[in-house]
Amino acid sequence: MGHGHHHHHHHHAAAQGDLRMGLAVAINLALTVAQVVGGVLSGSLAMIADALHNFSDAISLIIATLARRIARRPASAEMPFGWARAEVVAALINYTTLIVIGLYLAMEAVLRFLSPEPVQGWLVVIIAGVALVIDLATAALTWAMAKDSVNIRAAFLHNVADALGSVAVILAGTLILLFGWTWVDPLVTLLIAAYILWMACTEIGGVIRILMLGSPPELAPAEVLEEARGVAGVAGLHKAHLWQLDEHSAALQAHLVVAQGAWHEADAIKRAVKDRLQSRFGLTRVTLELECSRHPCTAPQDWGGA
């Protein structure tokens with residue numbers, strides 16, 4: 001009964017999350033159309049830049065939603081670790097597109113500096129004001145889910161960048177209205193591009209680390225080995241691999257050398273090592289290959305190896 005209730009609650013939460021994501025996609029696509037029309041009519045590059053970024057928001061939310069659904073698939077013989085990494089792949093796609101968009105906007109801004117064009121400030125301010133409301137609404141829809149998912153966080157950061165972009169566009173439009181400073185438009189575009197690039201480059205490293213089977217950044221690998229070696233009956237631990245399966249779980253596999261005279265307790269020693277690593281580091285996926293201290297690996301190294 002308890003398990004069934006938990007499963008029902010999890011399914012309800014997932015469905016509610018999917019509904020939020022769908023709503024966020026719809027309002028972003030509607031806003032993109034409005035911004036493109038407004039940008040063309042007003043001649044504002046910053047407005048079109050914001051529209052392009054908004055369209056990328058909608059695409060990023062679609063990618064994030066699809067990845068979220070795929071990640072819920074169970075493990076199988078073909079995919080023994082399950083599909084959780086689909087969300088990491090989606091995050092990589094979204095951060096990569098953010099970098100491409102940032103570079104494109106920077107190039108367009110520089111070209112606009114070299115060849116200025118008139119901008120109608122009032123239309124810019126009105127549409128950017130609407131955009132800001134939509135951006136904040138989308139951010140509110142995805143904020144709670146972004147805390148626990150690198151995939152949703154990538155989509156969420158698209159929206160945060162958009163909200164800041166809308167504020168910057170409103171500022172540019174106001175300055176053009178008040179003082180006729182048309183150069184503010186490409187300057188604001190350049191600032192938006194710089195922020196997008198900084199944010200994407202900061203976040204993408206963690207995603208690449210997971211896909212490259214790197215160790216979890218919150219764990220010190222040397223400490224993990226030291227803890228295992230401290231268990232009674234352990235003569236050594238080597239040829240270890242510590243890697244992130246996905247954003248929320250890690251795995252360790254290693255060769256465990258059983259101390260001389262303790263082979264009859266090998267299973268208990270292995271169990272003790274697993275219990276210690278779970279309680280200290282939260283490692284639940286630990287695979288240990290047992291070795292007798294009389295016949296250990298030749299020239300063993302702490303990390304890597306077959």
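Our structure is the block above this text.
First, a word on scope: everything that follows refers to the structure included in this document. (Residues numbered from 1 in each chain as written. Predicted model: local features only at pLDDT ≥ 70, side-chain atom pairs only at ≥ 80, totals over all residues. Heavy atoms only, no water.)

Quick word on the pairing of strand S3 (residues 285-292)
Note: strand S2 (residues 250-258) against S3, eight bridges, orientation parallel. Bridged to alanine 251 within S3 is arginine 285. With respect to chirality, the unit in which S2 leads through helix H8 (residues 266-281) into the neighbouring parallel S3 is right-handed. (Pairing = 2+ DSSP bridges. Helix = DSSP H or I, 4+ residues; strand = E, 2+ residues; numbered from the N terminus. Right-handed = clockwise from strand over helix to strand, strands pointing away.)

What to know about the environment of leucine 283
With respect to the secondary-structure elements, leucine 283 resides in the loop between H8 and S3. Its relative accessible area of 3% is what places leucine 283 among the buried residues. Expressed as a C-alpha distance, the spacing of leucine 283 and alanine 235, which sit 48 residues apart in the sequence, is 21 Å. Residues within four places of leucine 283 in sequence aside, it is in contact with Leu219, Val224, Leu242, Ala250, Ala251, Leu252, Lys274, Leu277 and Gln278. (Buried < 20%, exposed > 50% of the residue type's maximum accessible area, 1.4 Å probe, protein only. Contact = heavy atoms within 4.5 Å.)

Here's the deal with the pattern of salt bridges
Under the counting rule described, the total for this entry stands at six salt bridges. Between arginine 153 and glutamate 247 there is a salt bridge; the shortest N-O distance is 3.1 Å. In this pair, arginine 153 sits in helix H5 (residues 150-179) while glutamate 247 sits in the loop between strand S1 (234-244) and S2, placing the two residues 94 residues apart along the sequence. Judged by relative accessible area, which is 23%, arginine 153 ranks as partly exposed. With a shortest N-O distance of 2.8 Å, aspartate 302 and arginine 229 are connected by a salt bridge. Taken as a pair, aspartate 302 in the segment after S3 and arginine 229 in helix H7 (residues 221-229) lie far apart in primary sequence, 73 residues in all. The exposure class of aspartate 302 is partly exposed, given its relative accessible area of 36%. Each of Glu223, Glu227, Arg276 and Arg280 takes part in one network of salt bridges that share partners. (Salt bridge = Lys/Arg side-chain N within 4 Å of Asp/Glu carboxyl O.)

Some details on unusual backbone geometry
The phi dihedral of leucine 213 is positive, around 60°, even though this residue is not glycine. Phi is positive for lysine 239, which is not a glycine, with a value near 45°. With respect to the helices, strands and loops of the structure, lysine 239 is situated in strand S1.

A word on the packing of aromatic side chains
Following the criterion strictly, the structure yields three aromatic pairs and no others. Measuring from ring centre to ring centre gives 4.6 Å for phenylalanine 179 and tryptophan 181, while their planes differ by 25°; the resulting arrangement is stacked. Look at phenylalanine 179 and you get partly exposed, because its relative accessible area is 49%. Relative to tryptophan 198, the ring of tyrosine 195 has its centre 5.9 Å away and its plane inclined at 40°; by these criteria the two rings are tilted. (Phe/Tyr/Trp six-rings, centres within 6.5 Å; stacked < 30°, edge-to-face > 60°.)

Just distances and angles here, no functional claims.
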